Amino acid sequence: DFKTPAEEYEYYKNKYPEDNAVITNYWRKLNIRKVADSIQVLMEQYQEILILDNALQWAKDKSYSSSFSKLEEIEAYTLLPEKKKYKKIPVEEFKRAFDTNTFVFYDDSETISYNYPQLVEGAKIVTKQTTSIRDPHMIGQFFFLSYIPTASVKYEIITDDDIQINHGIYNKELIDVEILFEKNENNGTVVYAYSGKSLPKVENDTGGPSYSYLSPSIYNTVASYKDVSGKEVK
């Protein structure tokens, strides 16, 4: 823990002198639950980035929504450093536009654009998002690394205890940092949690392999669940 924003800034500035930002906290939580005889997936996500240099580079950001993964809630704000704490300054305007592609006959994906206010070195930019994933076959991958260093990352999957989850873990050998795993069961609920500390950034060269080859990742699928009659559904 840091006593002041200045102390936190100096620590990461010295630790990552070649980088202009660091992800100080990133977590994603998947709630996979039964509703009647179907599966519903709700994804919550939080990302906090500390700006070390070139603050204006981080002013603009985007989030995305579609009929498959509908963005239900979004909050974004700047944490402006003061002497003893950060001052929260919320983003006031979110601009929505359909993200059309010329090679798609109909594209229902939507882009939500916004700007973080009053950015300076030592400030943080924060986003909180809640997304409903309409098709449980399309949960997608979780990547542990980014193009800037990550101080702390956590990925949680919360399910009913009669929902079976497949865990596909890829590229763990790419980093010399342990990704911790724990499983807890309590009152009909199972929580799977993956976490990592002080993770390096992805080094990406022009013409090199894609991001999925460069970062450790997890790909989860729902293997089966029991319906209201107790019958197993694959």
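Structure: above.
Residues numbered from 1 in each chain as written. Predicted model: local features only at pLDDT ≥ 70, side-chain atom pairs only at ≥ 80, totals over all residues. Heavy atoms only, no water.

Another aspect to go through is the sheet that holds strand S5 (residues 86-90). Sheet strands pair via backbone hydrogen bonds, and the direction of the pair is either parallel or antiparallel. With mixed pairing, the eight strands of this open sheet are ordered in space as S5-S4-S8-S2-S1-S10-S13-S12. A strand with exactly one partner marks an edge of an open sheet, and here the two such strands are S5 and strand S12 (180-186). When strand polarity is set aside, the average angle formed by the axes of neighbouring strands in this sheet is 15°. Here strand S1 (residues 21-35) pairs with strand S2 (residues 38-51) via 14 bridges, running antiparallel. Among the inter-strand pairings, arginine 28 is bridged to a residue of S2, identified as glutamine 45. (Pairing = 2+ DSSP bridges. Helix = DSSP H or I, 4+ residues; strand = E, 2+ residues; numbered from the N terminus. Axes fitted to C-alpha atoms, helices over the stretch in contact; angles between N-to-C directions.)

Of note, glutamine 118 is a non-glycine position whose phi angle comes to about 55°, a positive value. With respect to the element layout, glutamine 118 can be found in the loop between strand S7 (110-115) and strand S8 (124-133). Phi angles above zero are rare outside glycine, and asparagine 187 is one such case at about 55°. Its place among the elements puts asparagine 187 in the loop between S12 and strand S13 (189-199).

Next up on the list: the sheet that holds S7. Read across the sheet, three strands follow the order S3-S7-S6 without closing on themselves; strand pairing throughout is antiparallel. Edge positions in the sheet fall to strand S3 (60-65) and strand S6 (95-98), since each has one partner strand and no second. Strand after strand, the sheet turns through a mean of 25° between neighbouring axes, direction not considered. In terms of strand pairing, S3 meets S7 through six bridges, oriented antiparallel. When the sheet's bridge partners are listed, aspartate 61 is paired in S7 with tyrosine 114.

Moving on to the environment of methionine 43. Looking at the secondary structure, you find methionine 43 in strand S2. Overall, the relative accessible area of 14% leaves methionine 43 in the buried class. Placed 96 residues apart in sequence, methionine 43 and isoleucine 139 show a C-alpha to C-alpha distance of 9.0 Å. (Buried < 20%, exposed > 50% of the residue type's maximum accessible area, 1.4 Å probe, protein only.)

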